[in-house]
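Fold and geometry: a report
Here is what each chain is made of, one letter per residue.
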Amino acid sequence: MNTPESGKIEIHSEEFLHALMRRQLKLSVACAAVFFAALFLLPLANYFFPEAMAMRVFGFPLTWLILGVLFFPLVWIIAWIFIKRSIALEDAEVREVMVAEQKQTGPPATHP
Amino acid sequence: MTPFLAITVDPWILTFSMVTVLVTIAMGFWSARRSKTASDFFVAGRSVSVGWNASAISGEYLSAASFMGIAGMVMSSGYDALWYPVCYACGYLFLLLFIAGPLRRFGAYTIPDFAEGRFDSPLFRKIAVVFVLFIGFFYTMPQMKGAGTTLHYIFPDLPYWVGVALVGAVITLNVALGGMKGITLVQAVQYWVKMFAISVPIFVLMAVYGNYGAHLARNDKSTPPSALYQASGAATNAPVPFSSANESGAIRRTLPAKAPNDESWLNPFGPLTTKAAKAAKLSVVESRPYSLLYTYSLIIALVCGTAGLPHILVRFYTNPNGTAAKRTTMWVMVLIGVFYLFPPMFGVVGRNIMPELYNGVSGVKGTDGIVLKLPAILRERYGVLGSILSGVACAGAFAAFMSTFSGLLVSMTGALAHDVYGRILRPKSTSEQRLRAFKIAAVIIGTVAVLLGTLVENFEINFMVGQAFAIAASSYFPLLFMSVWWRRMTMRGAATGMLTGGLLALVGISLTSYTTFVVTMSGKYTADTMPGWLATLKANSLETFWAAHPLWRILSEQPAIWSVPLAITLMVIVSKLTKQEIPPDIRMKMLVLHAPEELGLKQEYIQEHLAH
């Protein structure tokens, strides 16, 4: 089913696409920055502070505990936040378009 | 004759392994009867629930590298090997953040589908399809090594290549008959087999021989030698305090000379990353910058490479809608993350209680078999329990290499049948002809994969998978990432970047692998007994060149640090030069990639396309 003509103008505008991509990219980059920082900084920490990173915690060297165990919960947290936010973002985008359509055409449009 | 077999083959291990294989085949046949159309074969008709799909994706993702390779490499190389599981998980996250959603909305089944659709170029599809095969074959080699190692463990008299051929034949048959629908179900079950098989044995082992931390604590060069020689008899039934290495109760046997010492094994920048610098005879301090470079290049390869694996992406389409796809991915992150906690434990415990595997170096008798062999050590105290747990581990190994090999086979066969046959050779073929082409293509690819697999007996599983990731990172990753987020990309820009980055990475990796191959081959002979052809190969094996230029060796063995930026730069430059070739309906394409599926832009796009 096609979107009503007036809604089409809204969705197909340059501004809509720009805003859409910028919002998505912002969310993705913010999430990626956290784990990239961790991935990038850990080798540096190993390189410049070998003694501190070799400190024993429950038998584990600190750096082993971080890389072999603690990294995974970090990944889960990032994934969870991303998924929650991105579903919310999509819902908001859909709502935005609906509202714009309603303003112009009156009755709510059905979507496939 | 029969008693001979009965002595060398453990019935429990054989039973568990056979059951896994038979159940896999049975499920393949069962679902083959239920999948009839070609679209069933390719993406399972898009009708799989979140739980099943998450298990199936995880099952496909956890290959022999995850199940056997990580443990083997942690044992052989120590800390540095931990980057692999972490980056496999992070890579999946990276895929989720930047590529999975848009690609799903675009509705392309495979990467070549996407390449064609995004640039309206059937030519580019033909170029892109090549890398499905390149990456696929590099990724099937380690699976075959896993198969050969496992069968050699179950049947010690069986040569490595027989194991590879047997497993390859069984899986190829299964794929040719079952297709993807079968694989979704089989792989979901196989995830849980793998999870059970990696977790239960290690919990029992740690309860008996001391826990993870306690075993790590034994890797302490200050431990007095007397404590190192402790035999296997120490009782560890009492709860173990792990404040002190000597009181921890973790058993340790004498390490053979081939094992890396405690300090280099336990700490970053160990044997894996210093290989090149060591061959160049650099001092420990001098080799550290090289190790850092190696580590970063490895991280880039693994994180970016996941996004470019041909068999992973196709899975995002087996969800009914975008929200379900996202929920599925969350579950996948959890399922694979939990799994990855376990393999390093095998490596750590294995170093202390099964150090004899260090003598097998990287061959079939080496550390790659630790996950299978370690539980068998329980036989010395609890008899049959050791055999049962070792059998469970073997079942997990079968599940690992069978599921990944199947997934790859489907992708590669799909590329050959769907693209090369269905689009290039016979565009007018009927549905039946295509289905037959699928089966023939599966046999061809399976045969090539087996032949390649027989060559890699002396390569570590995990290392080879890392190489496949590096090629994916240098070819498909830049293509997908840039095509999704940069609208000014042109077909020529994309093709130049993908081909240059991917092929240069492929060449670099092949060069160092070739050297390793020749050097290990010639290592079996002395100067007098070596055949002439091998001596010639050895003389031209680049061994001396790599020793003189450790930096080149690292950049060649782990190319991602230069090949990924190179591919992206070339894409930008060539796209700018060919600005006039930007697809005219690029805004619509970008909308389809980024607008929520509920807005129905995909349907609109298809209608517009049909009208043209």
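Residues numbered from 1 in each chain as written. Chains lettered and ligands numbered in written order. Predicted model: local features only at pLDDT ≥ 70, side-chain atom pairs only at ≥ 80, totals over all residues.

Scanning chain A from N- to C-terminus turns up four helices and two strands. Shown N-terminal to C-terminal, the secondary structure of chain A runs as helices and strands in the order α-α-α-β-β-α. Within the span of chain A, comprising 112 residues, buried residues form 32% of the whole. Restricting to contacts in chain A with at least 6 residues of sequence separation, those with at least 24 account for 67%. (Helix = DSSP H or I, 4+ residues; strand = E, 2+ residues; numbered from the N terminus. Buried ≥ 20, exposed ≤ 12 C-beta atoms within 10 Å, placed from the backbone. Contact = placed C-beta atoms within 7 Å.)

Let us look at the overall build of chain B. Counting secondary structure elements, chain B contains 29 helices and zero strands. Evaluated residue by residue, chain B yields a buried proportion of 58% over its 612 residues. Counted over contacts in chain B with a minimum sequence separation of 6, partners at least 24 positions apart contribute 83%.

This brings us to the confidence of the model for chain B. Residues and elements named next belong to chain B. For chain B, per-residue confidence averages 83 on the pLDDT scale, and 88% of positions sit at 70 or higher. Put simply, helix α11 (residues 225-228) is where chain B has its lowest mean pLDDT, 39, and helix α27 (residues 560-577) is where it has its highest, 96. Contacts for the low-pLDDT stretch residues 1-6, under 50 throughout, to residues beyond four places or in other chains number zero contacts. Note on residues 38-45: pLDDT is under 50 here. Beyond four places in sequence and across chains, it has 25 contacts. (pLDDT = per-residue confidence, 0-100.)

The parts lose accessible area when they come together, and the size of an interface is often stated as this lost area. Tallying the contact residues gives 46 residues for chain A and 46 residues for chain B. Taken together, the elements giving at least two residues each to the side of chain A that touches chain B come down to α2 (14-48), β2 (60-61) and α4 (62-105) of chain A. A per-element tally of the side of chain A that touches chain B places α4 of chain A first, with 20 residues. Taken together, the residues of the side of chain A that touches chain B break down into 33 nonpolar, 10 polar and three charged. (Nonpolar A, V, L, I, M, F, W, Y, C, P; charged D, E, K, R; others polar.)

This part covers helix α13 (residues 271-279) of chain B. Residues and elements named next belong to chain B. Taken residue by residue, α13 has Leu272, Thr273, Thr274, Lys275, Ala276 and Ala277 as its buried positions. Close packing links the buried residues of α13 with α5 (64-77), α14 (284-307), α25 (543-548) and α26 (550-557). Looking one or two residues beyond α13, the residue adopting positive phi is Lys281, at roughly 60°.

Turning our eyes to something else, we now look at unusual backbone geometry. Residue and element names in this part refer to chain B. The residue Asp120 is not glycine, and still its phi comes out positive at about 50°. Assignment of secondary structure puts Asp120 in the loop between α7 (111-119) and α8 (122-154). The phi dihedral of Phe269 is positive, around 60°, even though this residue is not glycine. Relative to the helices and strands, Phe269 is located in the loop between α12 (262-266) and α13. Note on Phe269: 24 C-beta atoms within 10 Å, which makes it buried.

Among the secondary structure elements, Leu14 of chain B is positioned in helix α2 (residues 11-32). What Leu14 of chain B contacts, discounting residues up to four positions off in sequence, is Val9 and Ile154 of chain B.

Right, let's get into the packing of helix α4 (residues 50-61) of chain B against helix α16 (residues 322-341) of chain B. Helix packing geometry: the angle between the two helix axes and the distance between the axes. Residue and element names in this part refer to chain B. Running from amino to carboxyl end, α4 crosses α16 at an angle of 50°, the nearest separation of the two axes being 8 Å. Considered as vectors, α4 and α16 are oriented oblique to each other. Crossing angle aside, the handedness with which α4 passes α16 is right-handed. On α16, the residues touching Val50, Asn53, Ala54, Ser55, Ile57, Ser58 and Tyr61 of α4 are Ala324, Arg327, Thr328, Trp331, Val332, Leu335 and Ile336. (Axes fitted to C-alpha atoms, helices over the stretch in contact; angles between N-to-C directions. Parallel < 35°, antiparallel > 145°, perpendicular 65-115°, else oblique. Left-handed = near helix turned anticlockwise from the far one by under 90°.)

This part takes up the packing of α14 of chain B against α26 of chain B. Residues and elements named next belong to chain B. Where α14 contacts α26, the two axes come as close as 10 Å, and the packing angle between them is 10°. By the criterion of interaxial angle, the relationship of α14 to α26 is roughly parallel. Regarding α14 and α26, the two cross each other, and that crossing is right-handed. Only Pro550, Leu551 and Ile554 of α26 make contact with α14, whose side of the interface consists of Tyr290, Leu293 and Tyr294. Of the residues contributing to the contact of α14 with α26, the split by class is six nonpolar, no polar and no charged.

With that out of the way, let us pick up α7 of chain B. All names here are of chain B. In terms of burial, α7 is a largely internal element, nine of the nine residues being buried. Among the residues making up α7, those that are buried are Ile111, Pro112, Asp113, Phe114, Ala115, Glu116, Gly117, Arg118 and Phe119. After α7 finishes, the residue Asp120 shows a positive phi value of roughly 50°.

Let's shift gears to the environment of Trp192 of chain B. Tracing the backbone through its elements, the reader meets Trp192 of chain B in helix α9 (residues 160-209). The spatial distance from the C-alpha of Trp192 of chain B to the C-alpha of Val384 of chain B is 23 Å, given a sequence separation of 192 residues.

A few words on the confidence of the model for chain A. Taken as a whole, chain A shows an average pLDDT of 82; of its residues, 83% reach a score of 70 or greater. pLDDT under 50 marks residues 1-9 of chain A. Its contacts with residues more than four places away, or in other chains, come to 18 contacts.

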